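One-letter residues, chain by chain:
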Amino acid sequence: MARISQLALAACLALSALNADAFTAVPSKTYVSTRNQPLFLSSTEAKGSSLKRLPESAVELTIHVPASATKAAYDKVLAEVSKKVSIPGFRKGAKIPPQVIENAWSKNGGKKGLRTMAINELAGELIENALKEEHELEPIGQPSLVTSAEQLAESFTPGEDLDLTVKCDVWPEIKFKQVEGQDKPYSGLKGSYKRKPFNQQRFDAALRDLLERYAKLEPIDDASHALTTGDACKVNMVGYMATADGEKGEPLPNAASGDDVEVILGEGRYMDGLVEGLEGGKVGETKTVKVRFPDALKNKDLAGKDAIFDVEILSASRRSLPELTDEFANQVREGLTAESLKEELRKAVDSQDAQEYMGARNQALGKALSDIIDVDVPDTLVTNQAREKYALMMTDMRDNGMADEEIKKLINPENFIKYKDIQKDDIVRDFKISMAVDEIARLENIQVPAYQVEEQIQSLKDQAAKEGQSTDGLDDE
């Protein structure tokens, strides 16, 4: 989600010119399709094409072009060229002999140049159709001729058969490996990762908070009773800002004061100093208490400031917490027992702690998922992803203070290929996970409601804003 700088974009464009050879031919089964070819071919002339599977979801396609199609392609090129050249003795639109056009085209390669154009015409018309229609494959990237059109033109004769052989990455077939005991190999998927032990301290605090909510109050009639930790009292509070000398200053807003306020004498419940200032107080007394408002207070005019309160103690009560019994648990929610209540609290605490390890958990499950999917990731996808990551790395280097001239020195094919080799395993694994998730969604007919997509995008925007990143790309989604 990091924004790509102009320098990184230039790196991406420079690297896109790389001609990385993703194909390594290995012995494999070759099969021939005999579906009819459209375009230059009639139903009686079609010879079909042969396809050979290569590693990394690549294919080698050989199109068997009949003589009539090679002649038609060459005639088409001649017709187009004749409109562009001016030949003495021939008016525009007149039929010009091929040899005359070939001679007139000498500055552009003559006969060889025209035949190269015809071969490219055939390739442009026939390759995509053969891949998609005959073999029902989805090409990725640009198919390339194994033997260049210029080389083929050396021996190409219009009106004779021609074989065009191309290599191309195609969208891979996705298969799941069989997992013993599972009808669906992705069901019950397990992964392992490390996390901290169960947070017993947080569990104890959560249980105590629950018991506190059901505390019983017993009025204290003894006028000589001095308030102590665990007691509760009702008070009237009038507050003032503290001056630099620690004296009463301007009155606090009404929202910061109050009448008949319940105060429970316990650690960490209120602003610093309030509970300590009330300890030892008695009903009927007015205590002057110095406090400090929390730094995180929403009211920024008061946050972190010192204040002084006159606190009149109206009444006092002794608080007693219930015991954790089946009877108490049933009071919290009908049907709960003491053990089931504690179990629910454990799950809640564990779930909260698990958020910290969500990334590690997802990574472990992703690895387990990638291990059960059988798919060859096309090199075109790997190269494109590596190119994007390489460009982002350049952006990070620039953000960290590296000079543009130094970064430009790093942008070359040799460095990129080294980087791609280092990143390849991670990129392949990520693609496998992505493909597996998409395939599971298809098999299980899982559809994400639009509102959840919008919520996720908004969450990403909020995170980006928090980190000071651009949200331009998210606004277009």
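One can find the structure itself at the top, above this paragraph.
Not measured: the values here are computed from a predicted model.

Criteria and thresholds
- Residues numbered from 1 in each chain as written.
- Predicted model: local features only at pLDDT ≥ 70, side-chain atom pairs only at ≥ 80, totals over all residues.
- Heavy atoms only, no water.
- Salt bridge = Lys/Arg side-chain N within 4 Å of Asp/Glu carboxyl O.
- Helix = DSSP H or I, 4+ residues; strand = E, 2+ residues; numbered from the N terminus.
- Buried < 20%, exposed > 50% of the residue type's maximum accessible area, 1.4 Å probe, protein only.
- Patch = residues over 30% accessible without salt bridge, like charges linked within 9 Å, V, L, I, M, F, W, Y side chains within 5 Å.
- Areas by Shrake-Rupley, 256 points an atom, 1.4 Å probe, with all protein chains shown as cover.
- Lys, Arg positive; Asp, Glu negative; His and termini not counted.
- Charge placed at Lys NZ, Arg CZ, Asp CG, Glu CD.
- Axes fitted to C-alpha atoms, helices over the stretch in contact; angles between N-to-C directions.
- Parallel < 35°, antiparallel > 145°, perpendicular 65-115°, else oblique.
- Left-handed = near helix turned anticlockwise from the far one by under 90°.
- Contact = heavy atoms within 4.5 Å.
- Nonpolar A, V, L, I, M, F, W, Y, C, P; charged D, E, K, R; others polar.
- Phe/Tyr/Trp six-rings, centres within 6.5 Å; stacked < 30°, edge-to-face > 60°.
- Lys NZ or Arg CZ within 6 Å of the ring centre and 35° of its normal.
- Core = buried A, V, L, I, M, F, W, Y, C linked by side-chain atoms within 4.5 Å.
- Bend = angle between axes of the 7 residues up to and from the residue.
- Polar contact = N/O pair within 3.5 Å; in protein donor to acceptor, adjacent residues only side chain to side chain.

Asks: So what exactly am I meant to see when it comes to the pattern of salt bridges here?
Replies: Close approach of charged atoms allows side chains with opposite charge to pair. Counted according to the given criterion, the structure contains 29 salt bridges. Two residues, R429 and D426, come together in a salt bridge whose shortest N-O distance is 3.0 Å. Of this pair, R429 and D426 both sit in helix α13 (residues 413-443), separated by three residues, roughly a single helical turn. For D426, a relative accessible area of 35% corresponds to the partly exposed category. Several salt bridges share partner residues, and in doing so they unite R208, E212, R269 and R319 into one network.

Asks: Sorry if this is basic, but what is going on with a negative patch on the surface here?
Replies: Taken together, E267, D272, E276 and E279 make up a surface patch of like negative charges. Among the structural elements, E279 can be located in the loop between α7 (274-278) and β11 (286-292). Among the residues examined, E279 registers a relative accessible area of 34% and is labelled partly exposed.

Asks: How should the packing of helix α6 (residues 200-213) against helix α9 (residues 338-354) be read in this particular structure?
Replies: A packed helix pair is summarised by two numbers, namely the angle formed by the two axes and the spacing between the axes. Between α6 and α9, the shortest axis-to-axis distance is 10 Å and the interhelical angle comes to 125°. By the angle between their directions, the pair α6 and α9 is classed as oblique. Between α6 and α9 lies a crossing of right-handed hand. From α6, R202, F203, A206, L207 and L210 reach across to α9, where they touch L341, K342, L345, R346, V349, Q352 and D353. Residue composition of the contact of α6 with α9, by class: seven nonpolar, one polar and four charged.

Asks: What is the right way to read unusual backbone geometry from this model?
Replies: Unlike most non-glycine residues, S57 shows phi in positive territory, near 60°. Within the secondary structure layout, S57 lies in the loop between β2 (49-54) and β3 (58-65).

Asks: Sorry, what's going on with the packing of aromatic side chains here?
Replies: Two measures describe an aromatic ring pair: the distance that separates the ring centres and the angle between the ring planes. Scanning the model with the defined rule gives six aromatic pairs in all. Ring geometry for Y390 against F416: centres 5.7 Å apart, planes inclined by 85°, an arrangement best described as edge-to-face. With Y390 in helix α11 (residues 379-399) and F416 in helix α13, this pair connects stretches of sequence that are 26 residues apart. Looking at F416, the relative accessible area reads 1%, which means it is buried. One aromatic cluster is present, formed by Y390, F416 and Y419 through successive ring pairs. The residue whose ring lies beneath R115 is Y74, and the NZ or CZ to ring-centre distance is 5.8 Å.

Asks: When you look at the nonpolar core in this model, what are you seeing that I'm missing?
Replies: Side chains of a nonpolar character, in soluble globular proteins, are inclined to be buried together. Core analysis: the biggest nonpolar cluster contains 35 residues, and I63, V65, L114, I119 and L164 have the highest contact counts within it. Counting only elements with at least two residues in this core, the list comes to β3, α2 (67-82), α4 (110-134), α5 (149-153) and β5 (162-170). A per-element tally of this core places α4 first, with nine residues. When near neighbours in sequence (up to four residues on either side) are disregarded, V65 contacts T70, L122, L126, D161, L162, D163 and L164.

Asks: Would you explain α13 in this entry?
Replies: Each turn of an α-helix holds 3.6 residues, which means side chains three or four residues apart point in the same direction. Considering bend angle alone, the principal kink of α13 is centred on Q423 and spans about 50°. Every buried residue of α13 is accounted for by F416, Y419, K420, Q423, I427, V428, F431, M435, A436, E439 and I440. Two or three places before E414, at the start of α13, stands the capping residue N412, its side-chain oxygen 3.2 Å from that residue's backbone nitrogen. Just beyond α13, the residue with positive phi is N445, at close to 55°.

Function cannot be inferred from these measures alone, as they are strictly geometric.
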